[in-house]
Amino acid sequence: MLAVEVSHITKSFADKVAVDDLSFSVAQGEMFGLIGPNGAGKTTTIRIMMDIFEPDSGEVTILGEKLNEATKNRLGYLPEERGLYKKLKVIDSIVYLASLKGVDRQSATARANELLNQTGMLASKNKKIEELSRGMGQIIQFIVTIIHDPQLLILDEPFSGLDPVNTELLKGMLADLRNQGKAVILSTHQMNQVEELCDRILMINNGQNILYGDLSEIKARYRGNSVLVDVDGELGEVAGVTGKRTHRGYTELMLDDKTSPQQVLAHLISRGMVINHFEVATPSLNEIFLKEVG
Amino acid sequence: MNKTRLIFRHEFLHAIKRKGFIILTLIVPVLALIGIGVFQLVSTDEPPVVETVTIGYVDEAGGFDQYTTQGYIELVRFDTPGDATAALINGDVAEYFVIPSDYLSIGVINRYTLERQLETPPVISTAIKNFLTSNILADKVPPETIYRIEAPLDLVTTRLTETGEVATEQGGYGNVIIPFIFGLLLALSLQASTVYLVQGLGDEKESRLIEVLLSSVSPRQLLTGKVLGLGAAGLVQVVVWLASLPLLLNLASSTIGGFFITIQLPANFLVLGIVYFILGYSLFAALSAGVGAISPSVREGQQLSMIYAMLVYVPLWFASFLFIFPDSPIWSVLTIFPVTAPIAVMLRLGVTGIAAWELAASLAVLVLSIILVMFLAIRAFRVYLLMYGKRPAWGEIIRNLRSG
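None of these values were measured; they are calculated from a predicted model.

What counts and how
- Residues numbered from 1 in each chain as written.
- Chains lettered and ligands numbered in written order.
- Predicted model: local features only at pLDDT ≥ 70, side-chain atom pairs only at ≥ 80, totals over all residues.
- Core = buried A, V, L, I, M, F, W, Y, C linked by C-beta atoms within 7 Å.
- Buried ≥ 20, exposed ≤ 12 C-beta atoms within 10 Å, placed from the backbone.
- Helix = DSSP H or I, 4+ residues; strand = E, 2+ residues; numbered from the N terminus.
- Contact = placed C-beta atoms within 7 Å.
- Expected span 1.5 Å × (residues − 1).
- Bend = angle between axes of the 7 residues up to and from the residue.
- Pairing = 2+ DSSP bridges.
- Axes fitted to C-alpha atoms, helices over the stretch in contact; angles between N-to-C directions.
- Nonpolar A, V, L, I, M, F, W, Y, C, P; charged D, E, K, R; others polar.

Caption draft 1: Region of interest: the nonpolar core. In terms of nonpolar packing, the biggest core is built from 130 residues, with Ile 94, Ile 143 and Ile 185 of chain A together with Ala 289 of chain B touching the most fellow members. Broken down by element, this core gets its largest block of residues, twelve residues, from helix H10 (residues 269-294) of chain B. Leaving out residues up to four positions away in the same chain, Ile 185 of chain A has contacts with Val 4, Val 26, Phe 32, Leu 34, Leu 153, Ile 154 and Leu 155 of chain A. Membership of the second largest hydrophobic core comes to 17 residues, among which are Phe 64, Ala 84, Val 93 and Leu 132 of chain B.

So, in structure tokens, the structure goes:
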């Protein structure tokens, strides 16, 4: 059973088409990146999946069925526009929001203590939300999102406002959840995070599908015929190289159609050069993104 | 537990723990207790001592020399206006009047005083009138007749039912006091509930909680739980006030007595009080939900809600007008107009009662308004709940509500 199946959804607001005939699916145990520039339609797509907006056309199934109260209890959603009851204590906020996901008070309290401990926030459990820093508030929101052990997680810009320490903490927890077989949808414009975490991606712009599929396959598709090398001494002339570009710490060699990276490596070794670094150049997701959207 | 019930429980407990709610709930009985206590402190068992006032008169007509004590007013005769003026200046008399020689034919009395007055104080004019009447009739009719002419009637009105029996409710100010106080409290409570609801929705919107909540519950569950939770809190407030009334009245009548003994509750008052609270609250809740949905901030929401929250007081502004013109058509309008209906009905129950058709029309219009406003509020809630920042233009709101 697929965690999410979105089929040909379209949504317009007044004079703007926010989502235009979008289809994709997310499997169980997969970390899926929904990427695109600001205003591309990511949040609208998620709100349609969450049944907050009704699509003009198309269908969405979540965990094998149309979203209902029971499926809502099996998914965790961290919206981009998020917050908590400012006057409420941390533990009361978590337990109340967990109860709305069908978790009884006792289990919610026990699990909240466990997660607060895991995130190093146990000491703040009796503080009011308004006394917390923004980053701490974000961690509490993340705890609220996962406290009911959801099968599917939908996270809209989960790393915004987090410092590097908390970003790493969150990444670690997300990886654990994926390893437990949960499906995770990560919507963001921070390409490096997606590159690091996701298995598959959907890139959208102006509500339309730009790129969709396995991340490594997409990157391979965009791979140019060049290598990155760092050697001791002068590189000199290399057969089949049409151009050189010097970067900090390495040199990029552009190869002609007849030359493969393996031939270049064999050539360098045959010349007895000390090779510190040799890499087949693959464009970063950011470069692919800029190429497609920029 | 059902999710609507969870939201209901959360909102109810959250509302009754608010400082503002506790203060408003307790302040009414506490202020009444303080009032009764202060009255006890300042009042004594002895009747107040009233000083005798001496006023002078000059009798140029002749024959006005009896009945010179009228209540606490003592009349002293002077021979000439000059003597009376001297006594007035010396402070021997508070004022004086002259009965001219042709008084019996013209009826004019000239009064002289050092004080600037808008008109003659009623006690003085009554004392002079009774003094003149008594002297004119002295020796002509028996003293009892003179007394009866001075005080010709003590009007006792009895209200009968249509079957000719004495009605249990006799009307009068004693009948008005409880509905009036209750009307005021009801208005306060409706206004307070409105403030809580608009603030609650605004807070959730400002703290960006709505979307988190909507990932667990439907807009209908959220709205229903909130409205019922805050309504129950408002009902607790009204019940505390109503429950404290008999106790306070008992205490007041045993210490203050008099007027408080005449206080009675109009028939159906308690039932209609609760019914109108529930219906009035439902209407205000639906209006507030709509306002909360389209307003980007708590502040703007509260400014908008003031429009209808102030209308609830309109019948109270016109209350004195009701005592003078109880049958004015304005009252029918205020009884049927849904926003003013709860308070108008409470006030009218105490003063004249309400015709059955008016009550039926009032309830019907109120129920229909609740259904209509609730329908529009849920539409607005769905469309505007996730819109932050600027409030949409009215034209756009109306267009969106039409198209759904």
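Caption draft 2: Summary view of helix H11 (residues 298-311) of chain B. Between its first and last C-alpha atoms H11 of chain B spans 20 Å; for 14 residues at 1.5 Å apiece the expected length is 20 Å, and the two agree. Along its length, H11 of chain B reaches its greatest deviation from straightness, about 35 degrees, at Ser 305 of chain B.

Caption draft 3: How the structure looks around the environment of Leu 230 of chain B. Residue and element names in this part refer to chain B. Tracing the backbone through its elements, the reader meets Leu 230 in helix H9 (residues 219-255). Residue classification places Leu 230 among the buried residues on the basis of 27 C-beta atoms within 10 Å. With 215 residues separating them along the chain, Leu 230 and Ala 15 place their C-alpha atoms 6.5 Å apart. Apart from the residues within four sequence positions on either side, Leu 230 is in contact with Glu 11, Ala 15, Ser 193, Tyr 196, Leu 197 and Gly 200.

Caption draft 4: Up close: the pairing of strand E9 (residues 208-214) of chain A. All names here are of chain A. The sheet contact formed by strand E8 (residues 200-205) and E9 spans six bridges and is antiparallel. Bridge pairing in E9 links Asn 205 to Gln 208. Linking E8 to E9, which pair antiparallel, is a turn of two residues; within it Asn 206 sits at a positive phi near 50 degrees.

Caption draft 5: Inspection of the sheet that holds strand E10 (residues 226-231) of chain A at higher detail. Residue and element names in this part refer to chain A. With antiparallel pairing, the four strands of this open sheet are ordered in space as E11-E12-E10-E13. The sheet is open, and its two edges are formed by strand E11 (241-247) and strand E13 (275-280), each paired on a single side. Between one strand and the next, the sheet's axes are offset by a mean angle of 20 degrees, whatever the strand orientation. Bridging between E11 and strand E12 (residues 250-255) involves six bridges; their strand directions are antiparallel.

Caption draft 6: Representation of the interface of chain B and chain A in the model. Each partner contributes residues to the interface: chain B has 14 residues there, and chain A has 16 residues. Put simply, the parts of the chain that give the side of chain B that touches chain A at least two residues each are helix H1 (3-16) and helix H8 (210-214) of chain B. Each residue belonging to the side of chain B that touches chain A can be placed in one class, and the counts come to seven nonpolar, four polar and three charged.

Caption draft 7: View of the sheet that holds strand E1 (residues 4-13) of chain A. All names here are of chain A. Taking strand neighbours across the sheet as the criterion, the three strands line up as E2-E1-E4 in an open arrangement whose pairing is antiparallel. Two strands lie at the open edges of the sheet, namely strand E2 (16-26) and strand E4 (57-62), each paired on one side alone. Sheet twist, expressed as the average angle between the axes of neighbouring strands with direction ignored, equals 20 degrees. Examined bridge by bridge, E1 and E4 share five bridges and lie antiparallel to one another. Residue Val 6 lies in a different strand from E4, and its bridge partner there is Val 60.

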